[in-house]
Structure formats: C-alpha cells, structure tokens
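Observations on chain architecture
Chain residues, written in single-letter form:
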Amino acid sequence: MGLIPVNSTSPDESLPDSPASIDFSTGLPKLPQALAYISQSIRQHTKAQSIGIVSLFVPPTPALYRMTAEAARQLRAELTERLAKALREQDRLYSLNNWEWLIVLPSLVSAAPLTLAMMKVRGVLGDPFETLDGDSLELETYCGGSLWPDDGDDAFYLVQSARIARLHAAKSGVDTLSYQRPMETIEAGQARFQKDLQRALMGNEDGSMGIYLQPLVNLTGAACVGAEVLLRWWRGEGNYVPPHHIIAALEKLGLRHNFTRWLLNQAMQAISALTKAGIEIPLSVNLSASDLLDAELPDLVMQILAMWDVPPHRLSLEITETMMVEETPQVTEVLRRLHQLGLTLAIDDFGTGYAGMSYLQRLPVEEVKIDQRFVRQAVGTKRDREIIASIIQLSHRLNMTVVAEGVENQETADMLWSLGCDLAQGYLYAPAMPLDEFIGWCRRCGRASNLS
Ligand code: C2E
Ligand code: CA
Ligand code: CA
C-alpha cells in the first residue's frame, strides 16, 4: 500500500511482525512498535536534534457511530493515506486506537517544525471524506505534540505528553497544541508528593524508601525457598504510601525506568547480603505494566546481574495476568529474552484476569501465583477449590511451580497442600520484613532451605 513511511534500515524492524502488531484497517504498526522506535531514536539522536511526537485524534460523532464497519474501515484507511502523503520520508505513522494515530518525526532542528507538521497534518484532513455509505463527511480532528529532549526522556512519557497536549487542544477548542508542563495543573499537595518521591528515589538519602522481603515457603516442609521483594515507603512524618500509589505516580512522572533500575539494584544488594549470610534463595521482583513494553528491559536486567555478579537463577520476575492483555509480539519478545537470560518468570495474581489457562501454555513462564482473593474464597466454596485444583494440575503438566498467595491460616494451608500446591506466601508464615529481620527470621526458624 505504501502507506507506512518505513525506513527499511531501522533497527526496530528486527522485532517480529505478526497480524497482532498491525492494525487491520490501516495496515499500520501499533503502540509497542512506536515505543520501540522512539526509544531507538532517542539513543541514536544527539541533543542537537529533536524528535517530535504527534497524537492525532478524531473524536467520535453520531455519524461515525452509525457508519457500517466496512465504511469506517475504509475511512480510516483513507485518512491514513492522506496523513502518509503529508509526511516526510523519514517520518513514521502508527495506529493507536480506532480513531487515534501517532506520528514520530525524527531529526527536527527545533520546536518550530513540530508545529508546522501538525498544521500540515490538520490541513490535509480538512477536505471532506467520501464514505462507502455514500456520505460526504467533514472530520473534526485534534493534534497534540511533544518533543524530545525538551519534554522528557522516556518514550512512553513522551507519547502520553503528546496525548495530554491533544486533550488540552480539544478542551480549549483549538486544532493543535504543543505540550507544556502547566497543562498538567497539579495542586500544591501533589507537587510536594512528586518532589518527595523524586528525592526518595534518586538520592535515597533519608532511607525512607526501601524494600521488604516476604518469605515463600514450601507447603510440604514449611522451608523458606524464596522471598518476594515488596516496595515500602514512609513519607515525611512516617505516613505509609501503598506501593500501587507509588507505581502510578512514577508512571505519571516518567520515572518508571529509573525506578526499575533502582528496584533491581536494591534486589541485587539484598541477594548479595543473603548470600553472605549463607541464605542462597532467589528473590522475586514485581515488574510494572509498562516494563514489558520496554525493549531495553532484558539488557538492563543482564547488565545489573553482571554488575552484582549474581547468577540469573537467583532472580525471579513477576508479571501480572492483566499486563498480558495486550500480548503483542514485542511483549512476547521481551519475555522470551528475559527467559533466555536464565531467570524465572512468574505470573502474578493468576485467576483474576481474563486470560484463561490456555495462555499459560504459550508463555515462557515457570511459576504461577494464585491470587490471594481467589485463595481465600476457595476455603469456603467447592467450585473455587475445583478451579484451583485444575490450575494446579495444568501448571504441573506444564512443569510450572504453583504458589498460593495470602495464606493466613492453617486451614487454607492444609487445603492447598491437599490440592498439591507447591509453595505458599502469607501472614501465616510471615509478613514482609526488612532485610536484617528477614535474615533473623530465617535463622530463628532454621527454615531457609539453603541455609548453610
Ligand atoms: P502482590 O505482588 O500481589 O503482593 C502481595 C501483596 O499481598 C503485598 O501487599 C503483601 O504485603 C500482601 N500480603 C502478603 N501476604 C498476605 C496475607 O496473608 N494476607 C493479606 N491480606 N495480604 C498479604 P503490598 O506490599 O501492599 O503490595 C501490593 C501490590 O503492590 C503488590 O501485590 C504488587 O502488585 C505491587 N508492588 C509491591 N511492590 C512492588 C514493586 O516493587 N514494584 C511493582 N511494580 N509493584 C509492586
Ligand atoms: Ca507479586
Ligand atoms: Ca500477587
């Protein structure tokens, strides 16, 4: 079709292409490929040149909703064709959702060409579209732009910045806008929170943010065979901030990459300390959702393991079922490369998503963690016990280890043991503890399976 201005020597083409990575109507690649390309471009550009990112959106109207599926498909294809014609050869076009497109403009000399590109794009979409249903349709479109390096360093953050600028354009009734920080009006309290978070993460001088370890025990002998790394932050005057709150704020601030590096380093430090104490168990680290969209994650993990001289089998990475909803070739590739490094991959919170069992077979995963809400229900209801039993059976057939989360009493532990579950984690054994307390716990209970 010649619609995608693709530079054939671009490195992101080494990523596998499949129908799932291409938008059916437009023939364009989607968000994961856009993120991979932006990350690559950031690495290849010097700061003398900028990269522009444009989010273009067509807000739904009654006419669009009433359109037949085929006419809508053809309209999206026609719009894509007009966009492609307006772009330079080196520019790239992606389809994010039905009515959202993303344009990446490499090698810009200043902010001005970004504005010009957005105006040009709006211009070519100004003429009416003849639809398959026989209507002549004028489309309302909004553009928002962001710029590397001015607006951020992280591909995902830059895309979101362009989207925020586009939202702002629609709200203000103008066609195009470039991103500016004040668009994210934040209250004083939130600004303070962000500053505290940045300080805790970057300097970690006050030691208010750190990791705790919660044991994973073997259901047959209650020996500690591993531990999960859980984030803990007491902010300011000792106010505890739950991990989900922190993770969401980090994503918003574009600090996800820094955080992942910090977290992995914390985990490596703990593994080294455990080794010194004669406790040679693996630690599990929770990944954030957008980590899996980051093609550089496997390299980062490899570097950090090498730096700390930690063998890969001492590290396990937990990914949630919901992170895999957008299971694309890029995500699968990141998982495949992580698996190749020799570390363990675990599916967290299993049973709460919609992915179903068949997807266990497709992923290079060695461990399944059954979600705690699900485990708790299973004590009371036969049907839930049966579901857990079948998860265990299937996982064992696939050579996977099964961990039950949130085990709070002996009755639950006995039920899980009788169903053949391998490992358990929960307050029955121990809560998450700081490293020195964890070492003490292992020693006191004589429980660490590799305690020498
Ligand atoms: P998760 O991965 O499912 O972690 C288990 C959570 O259950 C932890 O909560 C843990 O303290 C709690 N828990 C453990 N045993 C029991 C029990 O017997 N009963 C009950 N009621 N709860 C139990 P926490 O530490 O508040 O973490 C919540 C979630 O935040 C985690 O869920 C995980 O999704 C996320 N999280 C925590 N640390 C990190 C991190 O370092 N990175 C990322 N990306 N996410 C993290
Ligand atoms: Ca987890
Ligand atoms: Ca979990």
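This is a predicted model, so every value here is computed, not measured.

Here we come to the overall build of the chain. For the chain, the count of helices and strands is 15 helices and 16 strands. Its C-alpha atoms give the chain a radius of gyration of 25 Å, near enough to 22 Å, the size a compact globule of 452 residues would have. Along the first, second and third principal axes, the C-alpha set of the chain runs to 75 × 50 × 40 Å.

Our next topic: the pairing of strand 1 (residues 50-57). The side chains of a regular strand alternate between both faces of the sheet. The element strand 1 is largely enclosed, with a buried count of eight among its eight residues. Residues Ser50, Gly52, Val54 and Leu56 point to one face of strand 1 and Ile51, Ile53, Ser55 and Phe57 to the other, with burial holding for every one of them. Here strand 1 pairs with strand 3 (residues 100-108) via seven bridges, running antiparallel. Bridged to glycine 52 within strand 3 is leucine 105.

The next subject is the site of ligand 1. The local shell around ligand 1 holds 23 residues, among which Leu231, Pro243, Asn286, Gly426 and Tyr427 are the closest. Secondary structure elements with two or more residues in the shell around ligand 1: strand 9 (224-235), helix 7 (243-253) and strand 13 (344-350).

Our next topic: the environment of leucine 56. Here leucine 56 is to be found in strand 1. Excluding residues within four positions of it along the chain, leucine 56 makes contact with Glu100, Trp101, Ile103, Val121, Thr141 and Cys143.

Counting residues in hydrophobic clusters, the biggest one holds 115 residues, and the most contacted among them are Val54, Ala267 and Ala424. Ranked by residue count, the leading element in this core is helix 5 (residues 155-172), at nine residues. If we skip the residues at most four places from it in the chain, alanine 267 touches Ile211, Val229, Leu283, Val285 and Leu315.

Attention now moves to helix 5. For helix 5, with 18 residues, the first-to-last C-alpha span of 26 Å sits near the 26 Å given by 1.5 Å per residue. Listed as buried for helix 5 are Ala155, Phe156, Tyr157, Leu158, Val159, Gln160, Ser161, Ala162, Ile164, Ala165, Arg166 and Ala169. At its buried positions, helix 5 is contacted by helix 1 (31-44), strand 1, strand 3, strand 6 (142-148) and strand 7 (176-178). Looking at the residues trailing helix 5, positive phi occurs at glycine 173, about 70 degrees.

Sheet architecture is open: five strands sit in the order 2-3-1-6-7, paired in mixed fashion. What marks the edges here is a single partner per strand, and that holds for strand 2 (92-97) and strand 7. Averaged over all pairs of adjacent strands, the angle between strand axes in this sheet comes to 20 degrees, irrespective of strand direction. One ladder, built from seven bridges, connects strand 1 with strand 6; its direction is antiparallel. Looking across to strand 6, one finds that leucine 56 is bridged to cysteine 143. Along the sheet, helix 4 (residues 112-124) contacts strand 1, strand 3, strand 6 and strand 7; its crossing angle with strand 1, the most-contacted strand, is approximately 30 degrees.

This paragraph deals with the pairing of strand 9. Pairing of strand 8 (residues 209-218) with strand 9, which is carried by nine bridges, proceeds in the antiparallel orientation. Bridging from a neighbouring strand, isoleucine 211 pairs with leucine 231 of strand 9. Of the strand pairs in this sheet, strand 9 and strand 11 (residues 283-286) are connected by three bridges, and their pairing is parallel. Each residue of the ladder has a partner; that of alanine 227, found in strand 11, is leucine 283. As defined by bridge partners, strand 9 adjoins strand 10 (residues 239-240) across two bridges and the pair is classed as antiparallel. Across the sheet, tryptophan 234 pairs through a bridge with tyrosine 240, a residue of strand 10.

Looking now at the packing of helix 8 (residues 256-276) against helix 9 (residues 297-308). Any two packed helices are characterised by the angle at which their axes cross and by the distance between the axes. Between helix 8 and helix 9, the least distance of the axes is 10 Å, while the angle of their chain directions is 30 degrees. In this view, helix 8 runs roughly parallel relative to helix 9, as classed from their interaxial angle. Note on packing geometry: the crossing formed by helix 8 with helix 9 is right-handed. Judged by residue contacts, Thr260, Arg261, Leu264, Asn265, Met268 and Ser272 of helix 8 engage Leu300, Val301, Ile304 and Trp308 from helix 9. Among the residues forming the contact of helix 8 with helix 9, the class breakdown is six nonpolar, three polar and one charged.

Domain boundaries in the chain define domain 1 (19-183) and domain 2 (189-445). Computed over C-alpha atoms only, the centres of domain 1 and domain 2 are separated by 36 Å. Between domain 1 and domain 2, the contact holds eleven residues from the first and eleven residues from the second. Of all the secondary-structure elements, those providing two or more residues to the side of domain 1 that touches domain 2 are helix 1 and helix 5. Ranked by residues supplied to the side of domain 1 that touches domain 2, first place goes to helix 1 with five residues. Residues that form the side of domain 1 that touches domain 2 fall into these classes: six nonpolar, four polar and one charged.

Once that is clear, we can look at unusual backbone geometry. A cis amide bond links tryptophan 148 with the next residue in sequence, proline 149, at an omega value of 5 degrees. By the element assignment, proline 149 lies in the loop between strand 6 and helix 5. Although it is not a glycine, serine 107 adopts a positive phi angle of roughly 55 degrees. Tracing the chain through its elements places serine 107 in strand 3. Non-glycine residue aspartate 349 carries a positive phi angle of around 55 degrees. Structurally, aspartate 349 is set in strand 13. On the basis of neighbour counts, which here come to 19 C-beta atoms within 10 Å, the residue aspartate 349 falls in the partly exposed class.

Cut-off values and rules
Residues numbered from 1 in each chain as written. Chains lettered and ligands numbered in written order. Predicted model: local features only at pLDDT ≥ 70, side-chain atom pairs only at ≥ 80, totals over all residues. Helix = DSSP H or I, 4+ residues; strand = E, 2+ residues; numbered from the N terminus. Rg over C-alpha atoms; globule rule 2.2 N^0.38 Å. Buried ≥ 20, exposed ≤ 12 C-beta atoms within 10 Å, placed from the backbone. Pairing = 2+ DSSP bridges. Near = placed C-beta within 6 Å. Contact = placed C-beta atoms within 7 Å. Core = buried A, V, L, I, M, F, W, Y, C linked by C-beta atoms within 7 Å. Expected span 1.5 Å × (residues − 1). Axes fitted to C-alpha atoms, helices over the stretch in contact; angles between N-to-C directions. Parallel < 35°, antiparallel > 145°, perpendicular 65-115°, else oblique. Left-handed = near helix turned anticlockwise from the far one by under 90°. Nonpolar A, V, L, I, M, F, W, Y, C, P; charged D, E, K, R; others polar. Domains from an automatic or database assignment.

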